[in-house]
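Overview (structure and organization)
The lines below spell out each chain.
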Amino acid sequence: MPKITDYSVLFQSMFGTKNSKGTSPIGSFQLSQLNSGSVQAQLRAAGIDTNSRQYKAAIKQMTSNANGAMYANIQGIKNLMKSYDKDGDYIDPTTGLAGLLVTEENAGSRKRIISIPEGSKDEMFELTKKEFLRENGVLNGDTTKRSDVYTNMYRKVQKNDQLAAGYTMEQYERAYRQAFLDAARKADPRWEIGRPVPSGALDGITRESVEADLKKSGGSLDVKI
């Protein structure tokens, strides 16, 4: 999620504006008054569940980006709440997926190996091979479509497993790439990244063979492959 630094634009467009004389715009209230009985009553009357995780996540973002003197309004709060799901997880505006934002709360549980869809591993293997050949082994962040593979996979797993699935896929992706590097260097010991990959060097390498070798060598992936 991008870090917002222009707070004036943020609050003018979403939460109300500061009156030049310091008085509250119509229908707005200062953030310092958010927990007052009258403001809470207004929020509940507008259909906002102030005990919901969605509301609490929105308010946490709002208050972390401003001070108590800033003004907010009910519609602005409703708009911001749409950025979170019922569990209070941020919804990525590009993919529409929630639960993919790494926080202090979930950072620890992210680094675990889980079973991920076979089709997703196939997709990653084929893409890694295609881009390896096209870019001569160079990792090109400007042209890669790897994020599409991750997004497709995230849609197939439970939300609570999405971050772990991404971490697991990273390990497979690294193993696939290493296999291609080893094969290119075996075909031509003088080959270097950036030079055309030796013709036929990757022939015969399959996802299954890479994962079998990884398992045989006691690789870091502690999953059934």
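No experiment lies behind these values; they were computed from the predicted model shown.

**Considering the overall build of the protein**
Looking only at helices and strands, the protein features 9 helices and 2 strands. The linear arrangement of helices and strands in the protein, starting from the amino end, is α-β-α-α-β-α-α-α-α-α-α. A burial count over the protein gives 41% of its 225 residues as buried. Looking at the protein alone, contacts between residues at least 24 apart form 69% of all its contacts between residues at least 6 apart.

**Structural notes on helix α8 (residues 162–187)**
Its 26 residues give α8 an end-to-end C-alpha distance of 37 Å, which sits within 8% of 38 Å, the value for a rise of 1.5 Å per residue. α8 sits mainly inside the fold: 19 of its 26 residues count as buried.

**Structural notes on the packing of helix α3 (residues 53–64) against helix α4 (residues 74–81)**
Following both chains from N to C, one finds α3 and α4 inclined at 110°, their axes separated by 9 Å at the closest point. It follows that α3 is roughly perpendicular to α4 by the angle criterion. Judged by residue contacts, Q54, Y55, A58, I59, Q61 and M62 of α3 engage I77, L80 and M81 from α4.

**Focus on the pattern of salt bridges**
Summed over the entire model, instances satisfying the criterion amount to 15 salt bridges. Salt bridges sharing common partners tie together E118, K121, D122, R207, E208 and E211.

**Some words on the packing of aromatic side chains**
Within the structure shown, the criterion is met by 7 aromatic pairs. Consider the rings of Y84 and Y90, whose centres lie 6.0 Å apart with planes at 70°: the pair is edge-to-face. In this pair, the class of Y84 matches that of Y90, namely buried. Ring centres of F125 and F180 lie 5.4 Å apart, and the angle between their planes is 55°; this geometry places the pair in the tilted category. Taken together, the residues span a long stretch of sequence, with F125 in helix α6 (residues 118–134) and F180 in helix α8 at a distance of 55 residues. Judged by its relative accessible area of 0%, F180 falls in the buried class. Here a set of aromatic residues connected by ring pairs shows up, and it is made of F125, F132, Y172, Y176, F180 and W191.

**Digging into α4**
Taken together, the buried positions of α4 are occupied by I74, G76, I77, L80 and M81. End-on view of α4: buried residues confined to an arc of 160°, all on one side of the axis. In this structure N73 caps α4, since a side-chain oxygen of it lies 3.3 Å from the backbone nitrogen of Q75.

How each quantity is defined
- Residues numbered from 1 in each chain as written.
- Predicted model: local features only at pLDDT ≥ 70, side-chain atom pairs only at ≥ 80, totals over all residues.
- Heavy atoms only, no water.
- Helix = DSSP H or I, 4+ residues; strand = E, 2+ residues; numbered from the N terminus.
- Buried < 20%, exposed > 50% of the residue type's maximum accessible area, 1.4 Å probe, protein only.
- Contact = heavy atoms within 4.5 Å.
- Expected span 1.5 Å × (residues − 1).
- Axes fitted to C-alpha atoms, helices over the stretch in contact; angles between N-to-C directions.
- Parallel < 35°, antiparallel > 145°, perpendicular 65-115°, else oblique.
- Salt bridge = Lys/Arg side-chain N within 4 Å of Asp/Glu carboxyl O.
- Phe/Tyr/Trp six-rings, centres within 6.5 Å; stacked < 30°, edge-to-face > 60°.
- Arc of directions from axis to C-beta.
- Polar contact = N/O pair within 3.5 Å; in protein donor to acceptor, adjacent residues only side chain to side chain.

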